[in-house]
Amino acid sequence: MLDIKITKTTEPKQKPAKDQPLGFGKIFTDHMFVMNYTEGQGWHDPRIVPFQNISLSPAAMVYHYGQEMFEGLKAYKGDNDEVYLFRPDMNAKRTNVTNERLCIPSIPEEDFVQAVKAVVDIDRDWIPTTPGTSLYVRPFIIATDEFLGVAPSHTYLFMVILSPSGAYYSSGLAPVGIWIEDEYVRAVRGGMGFAKTGGNYAASLIGQVKAHNEDYSQVLWLDGVERKYIEEVGSMNIFFKIDGKVVTPVLNGSILPGITRNSTIQLCKEWGYDVEERRISVDELIEAQKSGKLEEVFGTGTAAVISPVGKLRYVDDVMLINNGEIGELSQKLYDTMTGIQYGKLEDKFGWRVTV
Ligand SMILES: *Cc1c(COP(=O)(O)O)cnc(C)c1O
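On a predicted model such as this, the values are computed, not experimentally measured, just so you know. (Residues numbered from 1 in each chain as written. Predicted model: local features only at pLDDT ≥ 70, side-chain atom pairs only at ≥ 80, totals over all residues. Heavy atoms only, no water.)

### Observations regarding the environment of T338
So, point 1. Tracing the backbone through its elements, the reader meets T338 in helix 7 (residues 328-341).
So, point 2. Here the alpha-carbon distance between T338 and F86, two residues 252 residues apart in the chain, equals 9.9 Å. (Helix = DSSP H or I, 4+ residues; strand = E, 2+ residues; numbered from the N terminus.)

Printed below as a string of structure tokens:
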């Protein structure tokens with residue numbers, strides 16, 4: 001149990017108006033959670049303080065070699081003003097998987113969850129209530145030693161900041177166009193693709209820019225060695241419904257193990273689908289589409305929950321999926337997952353956590 005010291009703000013900020021478009025990641029709440037790590041002492045001084053700038057030496061290691069990690073989850077407000085998190089224990093576990101890869105000291109899972117709950121609780125009035133909106137929770141850790149040598153840092157900061165965010169879809173699920181990238185790669189096995197760390201995103205920006213220039217909203221990455229097998233989309237995992245079966249790339253070390261991916265697999269199995277976690281080549285996808293067996297494609301991730309894909313482009317091949325419309329399974333997954341998250345549906349799996 002952390003003994004969290006709380007300093008409340010004396011100057012609360014103006015909260016966004018009910019009808020104000022929130023967008024994503026632009027507005028921050030009144031408070032944040034902070035905890036330090038010092039070698040020999042461990043994690044110490046857990047505290048909640050007013051949201052504010054931090055001061056670091058320009059030589060702080062995080063600025064030079066990218067030793068950092070982050071997580072992402074959401075807090076939802078249900079009817080009766082109840083506040084819910086969705087499987088925060090999974091974020092805590094994944095934090096330590098990422099930490100191990102990046103030589104960052106681990107955080108006890110229960111401390112991670114306690115920190116998230118405590119700061120969400122303090123700023124619970126910031127959780128928007130318009131349908132589809134939520135409070136995005138961003139825990140992260142940075143290396144803070146003042147040192148330009150290449151080595152793991154001896155000191156770190158763990159912080160949790162909160163951002164009210166708008167509905168991902170303002171008018172129902174809208175299928176997106178996705179660019180299959182054949183030149184750049186995001187991660188390789190043995191690298192850090194399975195870890196949630198900024199470096200993976202730095203590597204992905206160029207592909208994102210390329211896709212945007214071609215009027216596609218996201219990039220689908222191929223494996224880093226043969227550039228032949230499907231990996232994942234920008235910040236989402238990817239699923240295909242092929243000839244009645246649900247297929248998704250197997251976690252091979254270069255793919256981020258999404259919590260929404262895990263939940264999607266559990267729900268599909270519960271509903272009686274055959275779910276295959278395996279290698280899928282881009283050729284198999286093109287073949288399936290040509291023979292009319294590629295029934296649905298959708299991305300899964302905390303931000304959008306389920307993101308139907310209406311169009312895929314690989315080099316000069318443009319594949320239209322399900323006539324550019326939302327598939328039945330995509331819609332059912334979205335309705336079920338968000339129903340559980342907002343406390344409107346029964347939570348069979350015990351995924352919902354009340355704050
Ligand atoms: C966070 C993330 C995902 C989705 O994970 P969720 O836990 O479902 O939000 C997928 N891919 C990448 C690269 C990510 O960073």
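Following the structure, the description resumes.
### Focus: unusual backbone geometry
So, point 1. In this structure, R227 takes a positive phi of about 50 degrees despite not being glycine.
So, point 2. Its location among the elements puts R227 in the loop between strand 10 (218-222) and strand 11 (230-233).
So, point 3. Looking at R227, the relative accessible area reads 36%, which means it is partly exposed.
So, point 4. One non-glycine residue, N322, lies in the positive phi region at around 50 degrees. (Buried < 20%, exposed > 50% of the residue type's maximum accessible area, 1.4 Å probe, protein only.)

### Considering the pattern of salt bridges
A pair can form between side chains of opposite charge whenever their charged atoms are brought close.
So, point 1. For the structure on display, the rule yields 15 salt bridges.
So, point 2. For D79, the salt bridge goes to K344, with nearest N and O atoms at 3.4 Å. Of this pair, D79 sits in the loop between strand 5 (73-77) and strand 6 (83-86) while K344 sits in the loop between helix 7 and strand 18 (352-354); the two residues are 265 residues apart in sequence, bridging distant segments of the chain. With respect to burial, D79 and K344 carry one shared label: exposed.
So, point 3. Where salt bridges share partners, they join K245, E276, R278 and E284 into one cluster. (Salt bridge = Lys/Arg side-chain N within 4 Å of Asp/Glu carboxyl O.)

### A word on the pairing of strand 10
So, point 1. Among the five residues of strand 10, five are classified as buried, and the element is accordingly described as predominantly covered.
So, point 2. Neither face of strand 10 is open: one carries Q218, L220 and L222, the other V219 and W221, and all of them are buried.
So, point 3. Alignment of strand 9 (residues 176-180) against strand 10, held across three bridges, turns out to be parallel. The partner of I178 across the bridge, within strand 10, is Q218.
So, point 4. Assessed by its sense of winding, the connection that carries the chain from strand 9 through helix 4 (residues 198-213) to strand 10 is right-handed. (Pairing = 2+ DSSP bridges. Right-handed = clockwise from strand over helix to strand, strands pointing away.)

### Comments concerning the nonpolar core
So, point 1. If you look at the biggest cluster of nonpolar residues, it comprises 37 residues, and the most contacted ones within it are F33, W43, A75, V120, V137, I141 and F158.
So, point 2. The element that contributes the greatest number of residues to this core is helix 3 (residues 109-122), accounting for seven residues.
So, point 3. In contact with F158, not counting residues within four places along its chain, are F33, V34, M35, W43, I107, F112, A115, P139, F140 and I141.
So, point 4. Core analysis: the second largest hydrophobic core is formed by 24 residues, V176, I242, V282 and L285 among them. (Core = buried A, V, L, I, M, F, W, Y, C linked by side-chain atoms within 4.5 Å. Contact = heavy atoms within 4.5 Å.)

### Focus: the site of the ligand
So, point 1. Around the ligand, the surrounding shell holds 15 residues, and the nearest of these are K196, Y201, E232, T260 and T302.
So, point 2. For the ligand, an oxygen atom lies 2.8 Å from a polar atom in the side chain of R94.
So, point 3. Take I259: an N or O atom from its main chain is 2.8 Å from an oxygen atom of the ligand.
So, point 4. The cavity where the ligand resides is the largest pocket.
So, point 5. Broken down by class, the residue content of the shell around the ligand amounts to four nonpolar, seven polar and four charged. (Near = heavy atom within 4 Å. Polar contact = N/O pair within 3.5 Å; in protein donor to acceptor, adjacent residues only side chain to side chain. 1 Å grid on protein atoms, 1.4 Å probe; cavity = no way out; pocket = protein on both sides within 12 Å on 5 of 7 lines; lining within 4 Å. Sits in = over half its atoms within 2 Å of the grid points. Nonpolar A, V, L, I, M, F, W, Y, C, P; charged D, E, K, R; others polar.)

### Some points on the domain arrangement of the protein
So, point 1. By the assigned domains, the protein splits into domain 1 (18-166) and domain 2 (176-341).
So, point 2. With centres defined by C-alpha atoms, the gap from domain 1 to domain 2 works out at 27 Å.
So, point 3. On the side of domain 2, 21 residues touch domain 1, which itself brings 19 residues to the contact.
So, point 4. Broken down residue by residue, the surface that domain 1 buries against domain 2 is led by F86, R94 and R101, which jointly contribute 36%.
So, point 5. For the pair domain 1 and domain 2, the interface holds zero salt bridges.
So, point 6. At the junction of domain 1 and domain 2, the tally comes to twelve residue pairs in polar contact (both at pLDDT 80 or more).
So, point 7. Secondary structure elements with two or more residues in the side of domain 1 that touches domain 2: strand 4 (68-70), strand 5, strand 6 and helix 2 (88-101).
So, point 8. The element that contributes the greatest number of residues to the side of domain 1 that touches domain 2 is helix 2, accounting for six residues. (Domains from an automatic or database assignment. Buried area = accessible area lost by both parts, 1.4 Å probe.)

### A word on the packing of helix 5 (residues 259-270) against helix 7
So, point 1. At a minimum axis distance of 11 Å, the contact between helix 5 and helix 7 shows a crossing angle of 110 degrees. Between helix 5 and helix 7, the interaxial angle falls into the category roughly perpendicular. Across from T260, S263, T264, L267 and C268 in helix 5, the residues of helix 7 making contact are L329, L333, T336 and M337.
So, point 2. In terms of residue class, the contact of helix 5 with helix 7 is made up of five nonpolar, four polar and no charged. (Axes fitted to C-alpha atoms, helices over the stretch in contact; angles between N-to-C directions. Parallel < 35°, antiparallel > 145°, perpendicular 65-115°, else oblique.)

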